[in-house]
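# Residue-level structure breakdown
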Amino acid sequence: MVSLTNMDIQYLKGIGPKSAELFRRIGAPTVGALLRIYPRMYEDWSKQIKIREACGELSKCIKVKILYPVRLILSKGSMKMYKSVATDGENNIDIIFFNNKYVIGGFLPGEEVLIFGNVTINSGRYEITNPKIKGINENLKLRPIYGQTKGLQSWKIESAVKNALELLPSKFPDMYSNDFLNNYDLCSLDFAIRNIHFPSGENELKEARKRLIFDELYLWQLSVNMLKGMSRQSTYIKIEKDYTKDFYFLLPFEPTNAQKTAIMECNEDMKSGKFSMSRLLQGDVGSGKTVVAAAIAYNAVKNGYQVAIMAPTEILATQHYETFNKLFLGLGINIELLTGSIRAKARREAMGRIKTGEASVIVGTHVLFSECTQFYNLGLVITDEQHRFGVNQRTNLAQKGNNPHVLVMSATPIPRTLALIIYGDLDISVLNELPPGRQKIDTFCVERDKRKRVYNFTKKLLDEGRQAYVVCPSIEENETDMVAVESYAKELSSGEFSEYNVGILHGKMKAKEKEEVMKNFLEGKLQLLISTTVIEVGVDVPNAAVMIIENAERFGLSQLHQLRGRVGRGKEKSYCIMISDNKGEDSQKRFKAMINSNDGFYLANEDLKFRGPGEFFGSKQHGIPNVKMSNMLKDMEIVKLSQIAVKETIEKSPDLSGDEFKIVKKQIQKLLETKIGKQIYITV
Ligand code: ADP
Ligand code: MG
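Described below are features of the structure shown in this document. A quick note: this is a predicted structure, and the numbers were derived from the prediction, not measured. The residue count restarts for each chain, going from 1 along the sequence in the order it is written. For naming, the first written chain is A and the first written ligand is 1, with later ones following in the order written. For a predicted model such as this one, the threshold for reporting local features is a pLDDT of at least 70, and the threshold for listing and counting side-chain atom pairs is 80 or more; totals across whole chains, interfaces and linings nevertheless cover every residue. With hydrogens and water stripped out, all remaining heavy atoms of the structure feed into the side-chain values.

## What to know about the overall build of the protein chain
Applied cut-off: Comment: elements are numbered from the N terminus, with helices defined as DSSP H or I runs of at least four residues and strands as E runs of at least two. Whether a residue is buried, partly exposed or exposed follows from its accessible area with a 1.4 Å probe, protein chains only, as a fraction of its type maximum: under 20%, in between, or over 50%, in that order. Using the Shrake-Rupley algorithm and a 1.4 Å probe, accessible areas are obtained, with residue cover drawn only from the displayed protein chains.
Scanning the protein chain for helices and strands turns up 24 helices and 22 strands. In the protein chain, which comprises 684 residues, the share counted as buried stands at 52%. For the protein chain, the exposed surface amounts to about 32,200 Å²; the carbon and sulfur share of it is 51%.

This is the structure we're talking about:
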């Protein structure tokens, strides 16, 4: 017999082939998966308030008595408007319906009903439009509202879930023992699943959320811990002699104290000769992570090892390649660039040099870790802008070398508690200091019709010898009025900026073309670069002083900060100008945060609050498992509880072989398998 969890959604009552397809699309191909699609919010029908109180609030439930029956009051073309009037004993309210002839005769004067919706004031009268309506005798509680997708309304999901829950055995099996549940004060999975969908009250909902969030965090931390066991392996790769002082002589500037500390921490790891380094380097944009990478790469190379440096984009890989070439000029260190767009023959030759050990520093994109790259003696792997890759692929690498040391670098600063959960298997170094002489980047938000002023301001800076970026969200014109790179570039280069050298850059260009444009911009031959977000991460052109972001509402806070980080990388005063007509509350919040702060750590925290970690990290890329519910900042209590449980579990049964953890172990294995198997990018 197929278990309920694996039962195809199509066999559920009321679901035909067509809606089954829709359910598959929202990630519910099976009944089990459906039950894990949690409501986005709840309509509280259990508490009724007065019309006056409901006004201006989000959707609320009001109990009213009908005064006048529904009648047609306006008919204009295909638009028909119906109205009824009701009272709560204090005030009257107009109930308006559009294009719904079925409401006629729906209720009668004197009848009492519950209505649910947004109350507004129109010409001095209270009004509610297209409310949901229920009889007062229905036993109503918290009603689930699911994220809607085209063709699959919330009520359809609700009814499918209801049917699925009816099929559930009276006691849905749990992965924890009763002792475990008691110990951490958790409700059963059965209770949690039923109450997350149809809470019998607010407390029950709270219990259900607690349990499900706990599960997510507990399983995630245990899997990370398991990976730790896999990645933290003993190694023979040992840095015998420290060449860091020599490296400092090569630098055109004095490293910051934060850089020195981070370099020292890495070196300590690599000197131990016991376990391979597994370290995360966090630093805000422009804090100088590349120097740390270069320092420890130098050390590894001087000690006879190969170093691989992986970047998420070809543009960034190429830039690192050039930086390292400049830095190590004349030292006899061979640097190799390996990206997807390098032709087959050249690539084969490069692979040859990597295999024989002729190449000692290998910079590239994820191609670096394709099956056919063989290293001579890989001692250190550095992944730049690690938030762009998944966090789970720690296995492939181990096969490449003899457990090389690993440093991952990220410009997405996250709070320590969260970092411990997400990167729990890594030690952490932080660059909490910017190189000296940096000035605050002045940030503004302007409406589109003020662009002319922005252009004039930009021209003035270009005339002073600075350079500027314009970033647009997409490269093709589409139905909305989003600014598209190609047409916009044409417009600007033949119009406003016809006197200037304008370049264009987007993901669909050939790698060679992209390289050429970047090079010209870096060398100052181009003054204005109009680009998509391909320049978002890592690009370093210190002379660029203006960043103009079109359709700024399209970008998340961390992304805006990353983009802004492309300027203000030198000594010049820099500016970031966000262009947007969007007055939405969320975008305004982001703009305000950007204008008020230049601090990546602070902004990342804000972003987490706005969006929750799942969205923040892009669960897909990161394989953060089902962090659908928890907002780790708001659910700090549960985070702490889960940390305690993880610690005690590991103490009890380090490899989870205990009988008590049999199902837990299975779940984790499943989690690791799917995450590792499916990811495109290979990372550490
Ligand atoms: P990110 O942390 O964003 O990767 P980069 O490593 O690209 O930052 O460094 C940003 C810029 O700062 C580069 O132009 C780099 O040369 C410069 N830089 C890095 N460290 C220092 C330092 N200690 N003093 C002065 N400039 C520095
Ligand atoms: Mg960088």
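So that's the structure; there's more coming.
## Things to note about the pairing of strand β12 (residues 335–338)
Along any regular strand, the residues point their side chains to alternate faces of the sheet. Going by this rule: The criterion for strand pairing is that DSSP finds at least two bridges linking the strands in question. Note on handedness: a crossover is taken as right-handed if, strands pointing away from the viewer, the path from the first strand over the helix to the second is clockwise.
Of the two faces of β12, both are covered, the one formed by I335 and L337 as well as the one formed by E336 and L338. Note that β12 and strand β13 (residues 361–364) share 4 bridges and pair parallel. Pairing of I335 across the sheet is with V361, part of β13. In this view, the connection linking β12 to its parallel neighbour β13 by way of helix α12 (residues 344–356) has right-handed handedness.

## Description of the nonpolar core
To be explicit about the condition: We define a nonpolar core as any set of buried Ala, Val, Leu, Ile, Met, Phe, Trp, Tyr and Cys residues linked to one another through side-chain atoms lying within 4.5 Å. Contact between two residues is taken to exist if any of their heavy atoms lie within 4.5 Å; hydrogens are not considered.
Within the largest apolar cluster, 42 residues are counted, with the highest numbers of intra-cluster contacts made by F247, I296, F328, V361 and I382. Listed by contribution, the elements that provide at least two residues to this core are α9 (257–271), α10 (289–302), β11 (306–310), α11 (314–327), β12, β13, β14 (378–383) and β15 (405–410). Here this core takes 10 residues from α10, the largest share from any one element. If we ignore the near neighbours within four places in the chain, the residues touching V361 are V301, V307, I309, F324, F328, I333, N334, I335 and E336. Grouped together as the second largest cluster of nonpolar side chains are 32 residues, L4, L34, L35 and F172 included.

## Considering unusual backbone geometry
Positive phi, normally seen in glycine, also occurs at N99, with a value near 45°. In this structure, N130 takes a positive phi of about 40° despite not being glycine.

## Some remarks on the sheet that holds strand β22 (residues 575–579)
Either a parallel or an antiparallel arrangement is found when strands of a sheet pair, and the pairing is made through backbone hydrogen bonds. The line we're drawing: Helix axes are fitted to C-alpha atoms over the stretch in contact, other axes to C-alpha atoms as well, and angles between N-to-C directions run from 0 to 180 degrees.
Taken in spatial order, the 6 strands make up an open sheet running β17-β22-β21-β18-β20-β19, and their pairing is parallel. Looking along the sheet, the strands with just one partner apiece sit at the ends: β17 (442–446) and β19 (502–505). On average, adjacent strands in this sheet sit at an angle of 15° to one another, irrespective of strand direction. Where β17 and β22 come together, 5 bridges link them in parallel fashion. Pairing of T443 across the sheet is with C576, part of β22. Against the sheet, helix α18 (residues 557–564) touches β17, β18 (467–471), β21 (544–549) and β22, its axis set at about 150° to β21.

## A look at the site of ligand 1
The line we're drawing: Whether a residue is near a molecule or strand is decided by its heavy atoms; if any one of them lies within 4 Å of it, the residue is near. Two N or O atoms form a polar contact when they lie within 3.5 Å of each other; inside protein one atom must be a possible hydrogen donor and the other a possible acceptor, and for residues adjacent in sequence the pair counts only when both atoms belong to side chains.
Around ligand 1 lies a shell of 18 residues, among which G286, T290, R438, D540 and R569 are the nearest. For ligand 1, a nitrogen atom lies 3.5 Å from a polar atom in the backbone of T256. Interatomic distance of 2.8 Å between a side-chain N/O atom of D540 and an oxygen atom of ligand 1. Considering ligand 1 on its own, with 570 Å² of exposed area, one finds that the protein chains cover 86% of that surface. Looking at the shell around ligand 1, the element that brings in the most residues is α10, giving 3 residues.

## Here we look at helix α6 (residues 189–197)
Burial analysis of α6 places 7 of its 9 residues in the buried class, the great majority of the element. All buried positions along α6 are accounted for by L189, D190, A192, I193, N195, I196 and H197.

## Observations regarding the pattern of salt bridges
The test is simple: Salt bridge criterion: a side-chain nitrogen from Lys or Arg within 4 Å of a carboxyl oxygen from Asp or Glu.
A complete count under the given rule lists 34 salt bridges for this structure. A salt bridge links K271 to D242; the shortest N-O distance between them is 3.2 Å. Placement of the pair is K271 in helix α9 and D242 in the loop between α7 (202–231) and α8 (244–250), with a sequence separation of 29 residues. Residue classification places K271 among the partly exposed residues on the basis of a relative accessible area of 29%. Between K440 and D442 there is a salt bridge whose closest N-O contact spans 3.5 Å. Judged by its relative accessible area of 22%, D442 falls in the partly exposed class. Connected via shared salt-bridge partners are D8, E21 and R24.

## Observations regarding the pairing of β14
Here β14 lies mainly inside the structure; 6 of its 6 residues are buried. Across 5 bridges, the pairing between β11 and β14 is parallel. Paired with A308 across the two strands is V381, which belongs to β14. The pairing of β14 with β15 spans 4 bridges and is parallel. If you follow V381 over to β15, its bridge partner there is V406.

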